[in-house]
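The residues making up each chain are set out below.
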Amino acid sequence: MILRRGTLLLLILLVAGGSTRLCAQELTFLGGFLPEVDHERSSYTWQVDYRQDFARYFAGSIAYINEGHLRAHHRDGTAAEAWGRLPFDHDRFIIGLGVGGYAYFDTQPVHGGDTADVHGTALIASLSATAYFSDRWFGEVMVNRILPDRDIDLTTVSAGVGFWFGRTQKPTPGKLGDAPDEEQYVTANELTAFTGQSVVNTFLSQKAAAWAGEYRHGLIPHLDWTVSAIYEGDPKIIRRSGGASQVWAVNNFFHNRVAVGAGIGPYVYLDHKNPPPSDRRIPAAVAPLFSLTLAYRLSDSLMVRAVFDRVVSNYNRDSDIFLIGLGYRWGR
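Residues numbered from 1 in each chain as written. Predicted model: local features only at pLDDT ≥ 70, side-chain atom pairs only at ≥ 80, totals over all residues. Heavy atoms only, no water.

(A) Local environment of the overall build of the protein. Helix and strand content of the protein: one helix and 16 strands. Counting all 332 residues of the protein, 52% fall into the buried class. Considering only residue pairs separated by 6 or more positions, the protein has 58% of its internal contacts joining residues 24 or more positions apart. Surface summary for the protein: the accessible area is close to 15100 Å², and the carbon and sulfur share equals 63%. (Helix = DSSP H or I, 4+ residues; strand = E, 2+ residues; numbered from the N terminus. Buried < 20%, exposed > 50% of the residue type's maximum accessible area, 1.4 Å probe, protein only. Contact = heavy atoms within 4.5 Å. Areas by Shrake-Rupley, 256 points an atom, 1.4 Å probe, with all protein chains shown as cover.)

Shown next as structure tokens:
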């Protein structure tokens, strides 16, 4: 339930960003480090941040944060934050203070050499400094303080570059950007074949080749539905395959050539390495599937799509699936 709430916040923010008359969407990629804490050695961190201005001094964001590999913790998750922003120098430099919730996945070692996938939530507070150095590109420094109740507190320090998706070329004082041309766009029918890799969330990070197929249909502007078949390969400790159905919050840019989205739904699977008890009448199991996607339209009928899936298990076998595929579009 906690994880579903965190992902629901993410979906609401993406839908709000697509359906309002504002369009100062900012996508930022950051990398950095974790300072040493509680006798844990320092480690790397990286983050992908999507931010939406709702007023000149107020914004919302969602972010994927990977907290690196500490000795006893491999933690990552999704944050949803509200931001107060203070602009300087005709909005070319902005200081931001954010606070919100963080839904995390922490891979921890247990006795006997096995791994536990700990799921939880935390308070997150962030400080950012953003400088626009061209019409669309900007640099950003970010500090996050993550404060869970039942896990270690951590601070991440990172820096990176971002891209401003507004239709106008540059943010101007008191103006958040024009509404996108694609406001009423509805996704066409799409059929996509994917290949990629699955990674099981253990301390050994067992990997295998993965495949998937997806049918996507736009229901209304900024809302898609998909049905997909997934094979996670054979990384030795699992051998899962099954089908998923998801709803997606999506947004489109650059005359509908670029699309981003976040999806959630049930994944019905069979794990041939970890079968259910023999007294169960139905051999399949169900897990939540959380996903992010980025697509680029090559022509009226062809597109390339990348998908990141997170399978959330209840038997310490969470996995990440990284996929890229070629799709065919029709209709609309």
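(B) Just the nonpolar core, in detail. By size, the foremost hydrophobic cluster in this structure holds 14 residues, and its most contacted members are Ile230, Tyr267, Leu289, Val311, Ile321 and Leu323. If you list the elements that add at least two residues to this core, you get β10 (207-220), β13 (258-271), β14 (285-297), β15 (302-311) and β16 (319-330). If one sorts the elements of this core by residue count, β14 sits on top with three residues. Once residues within four sequence positions are removed from consideration, valine 311 is found in contact with Glu232, Arg240, Tyr267, Ala287, Pro288, Leu289, Asp318, Ser319 and Ile321. (Core = buried A, V, L, I, M, F, W, Y, C linked by side-chain atoms within 4.5 Å.)

(C) The arrangement of the pattern of salt bridges in detail. Per the counting criterion, the structure on display carries 17 salt bridges. Across the salt bridge formed by arginine 51 and aspartate 49, the nearest N and O atoms sit 3.6 Å from each other. Taking the relative accessible area as the measure of exposure, arginine 51 reaches 1% and is therefore buried. The class for aspartate 49 is buried, based on a relative accessible area of 1%. Aspartate 300 is paired through a salt bridge with arginine 297; the nearest N and O atoms lie 3.6 Å apart. A relative accessible area of 65% means that aspartate 300 is categorised as exposed. The network of salt bridges with common partners includes Glu26, Asp53 and Arg85. (Salt bridge = Lys/Arg side-chain N within 4 Å of Asp/Glu carboxyl O.)

(D) Broad picture of the sheet that holds strand β4 (residues 74-88). The strand order around the closed barrel formed by eight strands is β1-β2-β3-β4-β5-β6-β7-β8, and the pairing between neighbours is antiparallel. Going from strand to strand, the sheet's axes swing by 25° on average, the running direction of each strand aside. (Pairing = 2+ DSSP bridges. Axes fitted to C-alpha atoms, helices over the stretch in contact; angles between N-to-C directions.)

(E) Highlighting the sheet that holds β15. Spatial ordering of the closed barrel is given by β9-β10-β11-β12-β13-β14-β15-β16, a layout of eight strands whose pairing is antiparallel. The average undirected angle you get between the axes of adjacent strands in this sheet is 25°. For strand β11 (residues 223-231) and strand β12 (residues 240-253), the ladder comprises nine bridges, and the chain directions are antiparallel. By the bridge assignment for β12, tyrosine 231 is matched with serine 241.

(F) View of the pairing of β4. When strand β3 (residues 58-69) meets β4, the two strands line up antiparallel, connected through ten bridges. Residue pairing across strands places tyrosine 64 opposite threonine 78, the latter belonging to β4. Where β3 folds back on β4, the antiparallel hairpin that results is connected by four residues. In sequence, β4 turns back onto strand β5 (residues 93-109) through a hairpin of four residues, with aspartate 89 there showing a positive phi of about 50°.

(G) Here's a closer look at the environment of tryptophan 330. Along the chain, the position of tryptophan 330 falls in strand β16. By relative accessible area, which is 36% here, tryptophan 330 ends up partly exposed. In this structure the C-alpha to C-alpha distance between tryptophan 330 and serine 301, which are 29 residues apart in sequence, comes to 6.2 Å. In contact with tryptophan 330, not counting residues within four places along its chain, are Ala188, Asn189, Glu190, Leu191 and Tyr215.

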